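Residue strings, one per chain:
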Amino acid sequence: MPVLFLSKPSRQKDWMKMLSLAALLVLGFGLQETQGDDIVDNTLKVLSDLPELGQALETSFFTLLQPALQPLEARAQVNDASGDNSGNFCYGELGCISNSNDFYHPIHRPINFPPETREEVGVNYRIRSKEDTAGVVVPWNNIEKVKQSTFKGSRKTKFIVHGFLNGRDMPYIEEIGHSFLRNYDVNIVWVDWTNGSIALYNRAVANARLVGLEIAYFIGWLQENLGLNPADVHIIGHSLGAHVAGYAGERTPGLGRITGLDPAEPFFQYLPETVRLDPSDANFVDVIHTDSESIFNIGQGFGLRQPVGHLDFYPNDGRQQTGCEPPFAAPLRWLSRGTAFRKVWHAVEDALGCNHKRAVELFVDSIESQCPYMAFLCDSYENYKSGKCASCGIDGTDCAPMGLHADAWLGVGTGKKLVQLFTSTGAGPSFCRYHYKVIVELGELPGTGWDRMGKLYIAFTDGNGQQMSFDLTSGRPKQFTSRGQYTFFLEHKDDFEDVKEAQVKWAMSRRGSRSPHASLSLQNLAFRNVDTYPFRNSIGRSGRSESTFFFCGKSRDPVLITDQETVTLNMTPDCSAS
């Protein structure tokens, strides 16, 4: 769960007021997941960071007045007994991490805590499989206990890592593992670092580095003792957990794959690759961005905007997700619906977490759904929506399925990276959308020289009588000319493979039209499935051949459609769009 950031204050003393408010919010949110003695322990842990954090803020914002970065010794850092004079922090068998220049920036990473001890972070692994869905808990200091579980080194292994202020009993994260076990014979390793994530965000960011070391060490141990091949390991991390996955991959030669689910923005965006998830952390790194509006805009997103993987997916432009409301609208929604929450935590999650959690929901649905979640290489979401990028390209690398099957991308192993792909999704529960192109070719319009202004609607019916309808002009009158050809890019939740007929409706707009004639002359139209993908069968989705359906009048002459009239066209191989 993300921390609340506030806008830039006008005076330095306001930073401390904001700091106190943020600390109380974080403290209150974090303690919702703890009970008994844990409340006291976590309270003391958060409060102990406040004086150091205040000093760090004061130091770091002073550096904003200077043109260059502060040298290492002048930074706002906190040392503890595990550190040495070189700025390294060592953790015995795990190895050391360096507090290098990369981990400081006066704007993007002004506070740089070291991680806590292994005992304080207290990583646990829950090992699950189809044979034992309840699982066995394996603590960091007794990993030999994994031998009591059903873990098999010969199986593919999925590590699942939660993020900031998350941890035990987070259903939307745990659903990733449940979904895998319903569909595949794999090892599931649930990484629980709750004690390290429930803290001030700055401390949790530091602890993420230690958790990465723990995971890398555990993978190495499994390789040496149980025959696990790192190439068969797939780490899936949400939010701050995505960067944990990156740290683990950095220390694991030959790691197979990392999937970053809306990687956290604060203290990571625009920083060197050593600080955050990047393509070098695994053989294949794919990322789903769903909450990438900058956090420094009040009430906006918590995820990275910049591409950080081999493939970076931006559903709905990676910003406002369909069905998610802006955070400031939450109280009104609660009042109108009479919503009540048993815990403050649940209210915060409901208000702030919808876009951020959507990456997890999309990934889970990509495991369960037959929809391919196809996304396309494009320079902007706007151009994607206009249909300018609805192609897989000559070599098939300009598109890829988002989610679990992203590794079926034809560009894997080619050296391509930071490839940005766009798609659209719905509000759920059926998030995925199929993509179609409709090409409309007009004949000679009555009244030569006169254009038409109006709206065009179309509905397709398949062999089972199922129908899907579209407003081709999106509710706005469009100008049509004689013998013009127009391409429309469409999305729908249903997969149409056997289209039989098309119904076309024309509505003349009186406003802006100069023509005294209201009719539209339709020569023919073509309906094309864009999700025809070279390896759709290989990802376990229903296959199809390249399919374009053509529709025209019985005599192949143009069909005249009068204002407000609907005409029916049958699919036929005897006409084709020019």
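Residues numbered from 1 in each chain as written. Predicted model: local features only at pLDDT ≥ 70, side-chain atom pairs only at ≥ 80, totals over all residues. Heavy atoms only, no water.

1. With respect to the overall build of the protein chain
Here is step 1 of the chain: In terms of helices and strands, the protein chain carries eleven helices and 23 strands.
Here is step 2 of the chain: Contacts spanning at least 24 positions in sequence make up 74% of the contacts within the protein chain whose residues lie at least 6 apart.
Here is step 3 of the chain: As presented, the protein chain carries roughly 24,100 Å² of accessible surface, and 50% of it is formed by carbon and sulfur atoms. (Helix = DSSP H or I, 4+ residues; strand = E, 2+ residues; numbered from the N terminus. Contact = heavy atoms within 4.5 Å. Areas by Shrake-Rupley, 256 points an atom, 1.4 Å probe, with all protein chains shown as cover.)

2. Structural notes on the pattern of salt bridges
Here is step 1 of the chain: Enumeration over the complete set of coordinates arrives at 20 salt bridges.
Here is step 2 of the chain: Between D395 and K416 there is a salt bridge, and its shortest N-O distance comes to 3.8 Å. Placement of D395 in the loop between α11 (381-385) and β12 (399-401) and of K416 in the loop between β12 and β13 (419-423) is noted, with a sequence separation of 21 residues between them.
Here is step 3 of the chain: Each of E131, K152, R155 and D185 takes part in salt bridges that share partners, so that together they form one network. (Salt bridge = Lys/Arg side-chain N within 4 Å of Asp/Glu carboxyl O.)

3. Considerations on the environment of I215
Here is step 1 of the chain: Topologically, I215 is positioned in helix α6 (residues 201-226).
Here is step 2 of the chain: Along the sequence, I215 and L94 sit 121 residues apart, while their C-alpha atoms lie 9.4 Å from each other.

4. Concerning the state of the cysteines
Here is step 1 of the chain: For the structure on display, the rule yields five disulfides.
Here is step 2 of the chain: There is a disulfide in this structure between C371 and C432, and the S-S distance comes to 1.9 Å. Residues C371 and C432 share a disulfide whose torsion about the S-S bond is about -60°; that sign makes it left-handed. Taken together, the residues C371 in the loop between α10 (354-368) and β11 (374-377) and C432 in the loop between β13 and β14 (434-442) connect sequence positions 61 residues apart. Summarising the burial analysis for this pair, C371 and C432 share the class buried.
Here is step 3 of the chain: With a sulfur-sulfur separation of 1.9 Å, C392 is cross-linked through a disulfide to C399. Around the S-S axis, the bridge from C392 to C399 shows a dihedral of about 95° and counts as right-handed. (Disulfide = S-S within 2.5 Å. Buried < 20%, exposed > 50% of the residue type's maximum accessible area, 1.4 Å probe, protein only.)

5. Things to note about the packing of aromatic side chains
Here is step 1 of the chain: Enumeration over the complete set of coordinates arrives at 17 aromatic pairs.
Here is step 2 of the chain: On the numbers, 6.2 Å between centres and 35° between planes, the contact of F527 with F549 is tilted. Of this pair, F527 sits in strand β20 (residues 520-529) while F549 sits in strand β21 (residues 548-552); the two residues are 22 residues apart in sequence, bridging distant segments of the chain.
Here is step 3 of the chain: F549 sits in the buried class, given a relative accessible area of 10%.
Here is step 4 of the chain: Within the aromatic cluster, the residues linked to one another by ring pairs are Y314, F376, Y381, Y384, F422 and F489.
Here is step 5 of the chain: A cation over an aromatic ring shows up here: R109 above the ring of F268, its NZ or CZ 5.4 Å from the ring centre.
Here is step 6 of the chain: Its guanidinium or amino end placed over the ring of Y172, K357 lies 5.1 Å from that ring's centre, counting from NZ or CZ. (Phe/Tyr/Trp six-rings, centres within 6.5 Å; stacked < 30°, edge-to-face > 60°. Lys NZ or Arg CZ within 6 Å of the ring centre and 35° of its normal.)

6. Some words on α10
Here is step 1 of the chain: End to end, α10 covers 20 Å across 15 residues, agreeing with the expected 21 Å (1.5 Å per residue, within 8%).
Here is step 2 of the chain: By the burial criterion, the buried members of α10 are N355, H356, K357, R358, A359, V360, L362, F363, V364, D365, S366 and I367. (Expected span 1.5 Å × (residues − 1).)

7. Concerning the sheet that holds β13
Here is step 1 of the chain: Sheet architecture is open: eleven strands sit in the order β4-β3-β6-β5-β7-β8-β9-β10-β13-β11-β12, paired in mixed fashion. This sheet does not close on itself; its edge strands, each paired only once, are β4 (136-139) and β12. Pairwise comparison of adjacent strand axes, ignoring direction, gives a mean angle of 25° for this sheet.
Here is step 2 of the chain: Alignment of β11 against β12, held across three bridges, turns out to be antiparallel. (Pairing = 2+ DSSP bridges. Axes fitted to C-alpha atoms, helices over the stretch in contact; angles between N-to-C directions.)

8. Concerning the pairing of β11
Here is step 1 of the chain: Pairing between β11 and β13: two bridges, direction antiparallel. Each residue of the ladder has a partner; that of F376, found in β13, is F422.

9. Let's talk about helix α7 (residues 240-250)
Here is step 1 of the chain: In terms of burial, α7 is a largely internal element, ten of the eleven residues being buried.
Here is step 2 of the chain: Taken as a whole, α7 has its buried residues at L240, G241, A242, H243, V244, A245, G246, Y247, A248 and G249.
Here is step 3 of the chain: Each element contacted by the buried residues of α7 is listed here: β5 (157-161), α6, β7 (233-238) and β8 (257-261).

10. Observations regarding the environment of E368
Here is step 1 of the chain: Within the secondary structure, E368 sits in helix α10.
Here is step 2 of the chain: Residues E368 and R182, spaced 186 residues apart in sequence, show a C-alpha to C-alpha distance of 8.8 Å.
Here is step 3 of the chain: With near-sequence residues (within four places) excluded, E368 lies in contact with S179, R182 and N183.

11. What about the pairing of strand β15 (residues 452-462)?
Here is step 1 of the chain: With nine of eleven residues buried, β15 lies mostly within the body of the structure.
Here is step 2 of the chain: Of the pairings in the sheet, the one linking β15 to strand β17 (residues 478-480) comprises three bridges and is antiparallel in character. The residue of β17 that forms the bridge with G454 is K478.
Here is step 3 of the chain: Pairing geometry for β15 and strand β19 (residues 499-508), over nine bridges, is antiparallel. Each residue of the ladder has a partner; that of G454, found in β19, is M508.
Here is step 4 of the chain: Inspection of the sheet shows β15 paired to strand β16 (residues 467-471) by five bridges, in the antiparallel sense. When the bridges of β16 are listed, T461 appears paired with Q467.
Here is step 5 of the chain: Turn length for the β15-β16 hairpin, with the two strands adjacent in sequence and antiparallel, is four residues, and the turn residue G465 shows positive phi of about 85°.

12. Notes on the confidence of the model for the protein chain
Here is step 1 of the chain: The pLDDT averaged across the protein chain works out to 79; a share of 72% of its residues lies at or above 70.
Here is step 2 of the chain: Contacts from residues 1-40, a stretch scored under 50 in pLDDT, to residues over four places away or in other chains number 64 contacts.
Here is step 3 of the chain: pLDDT under 50 marks residues 42-83. Its contacts with residues more than four places away, or in other chains, come to 75 contacts. (pLDDT = per-residue confidence, 0-100.)

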